[in-house]
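Inside the fold
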Amino acid sequence: MKEISYIHAEGYPAAEMKHGPIALIDHLMPVIFVAMKDSIYDKVKSNIQEVRARKGTVIAITDEGNDELDGLCEYVIHIPKVCEEVSPILTVVPLQLLSYHIAIMRGCDVDMPRNLAKSVTTE
């Protein structure tokens, strides 16, 4: 998100939400949750409820067939259900597409991000 759309964004584990980031939530703060039905789903769902209680906008990425979040979140993106170890590979796709489309909407050059240094090392 930062590199191509120039919007500040931070990723936090579910357990860290109550240690700072929750204080920033208001009606102008969109929050994206990766809420797969896995070993930490209940913690993530609890965090979604905390954000909603503070009037934050919630976008959730979750498994196909998980309709629990439909009434809790403004936007729900469903991806195929896979084992917990593989889910990061699938969940990153909608996140990358969201970053790309936001950058395009803002008029950013996604092919040449500003101030991004690339280095090539040859021996």
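In short, a report on the structure. Predicted model, so just to flag it, every value in this text is computed and none were measured. (Residues numbered from 1 in each chain as written. Predicted model: local features only at pLDDT ≥ 70, side-chain atom pairs only at ≥ 80, totals over all residues. Heavy atoms only, no water.)

**Some details on a nonpolar patch on the surface**
Where we set the bar: Patch membership requires more than 30% relative accessible area and the absence of a salt bridge. Residues of like charge join within 9 Å; the nonpolar side chains Val, Leu, Ile, Met, Phe, Trp and Tyr join within 5 Å. The protein chains shown are the only cover counted for residues, whose accessible areas, like all others here, come from Shrake-Rupley with a 1.4 Å probe. A side-chain nitrogen of Lys or Arg and a carboxyl oxygen of Asp or Glu constitute a salt bridge if their distance falls within 4 Å. Helix numbers and strand numbers start at the N terminus; a helix is a DSSP run of H or I with at least 4 residues, a strand a run of E with at least 2.
Together, Val82, Val86 and Ile89 line one region of the surface with nonpolar side chains, adding up to about 230 Å² of accessible area. On the secondary structure map, Ile89 appears in helix α3 (residues 87-105).

**Focus: the nonpolar core**
Heads up, the rule is: Buried residues of nine kinds, namely Ala, Val, Leu, Ile, Met, Phe, Trp, Tyr and Cys, make up a nonpolar core once their side-chain atoms join them within 4.5 Å. Burial status follows relative accessibility: with a 1.4 Å probe on protein chains alone, a residue under 20% of its type maximum counts as buried, one over 50% as exposed, and anything between as partly exposed. The contact definition used throughout considers only heavy atoms, calling two residues in contact when any of these lie within 4.5 Å.
Core analysis: the biggest nonpolar cluster contains 15 residues, and Met17, Phe33, Ile48, Val51, Leu69 and Cys73 have the highest contact counts within it. Looking at this core, the elements that each hand over two or more residues are β1 (30-34), α2 (41-53) and β2 (57-63). Residues within four places of Phe33 in sequence aside, it is in contact with Met17, Val44, Asn47, Ile48, Val51, Val58, Ile59, Ala60 and Ile61.

**Brief notes about α2**
What counts is decided by this rule: Expected helix span is taken as 1.5 Å per residue step, with the number of steps being one fewer than the number of residues. Summarising the geometry, the arc corresponds to the directions from the helix axis toward the C-beta atoms.
With 13 residues, α2 extends 18 Å from end C-alpha to end C-alpha; this agrees with the ideal 18 Å at 1.5 Å per step. Among all positions of α2, only Tyr41, Val44, Asn47, Ile48 and Val51 are buried. Around the axis of α2, the buried residues are gathered within 120° of arc, so they sit on the same side. Exposed residues on α2 whose side chains face more than 90 degrees from its buried face are Asp42, Lys43 and Ala53.

**Section: the pattern of salt bridges**
A complete count under the given rule lists six salt bridges for this structure. Two residues, Glu10 and Lys2, come together in a salt bridge whose shortest N-O distance is 3.1 Å.

**What about unusual backbone geometry?**
Residues other than glycine seldom take positive phi values, yet Tyr6 does so here, at roughly 60°. For Tyr6, the location among the structural elements is in the loop between α1 (2-5) and β1. One non-glycine residue, Lys55, lies in the positive phi region at around 70°. Structurally, Lys55 can be placed in the loop between α2 and β2. A relative accessible area of 58% means that Lys55 is categorised as exposed.

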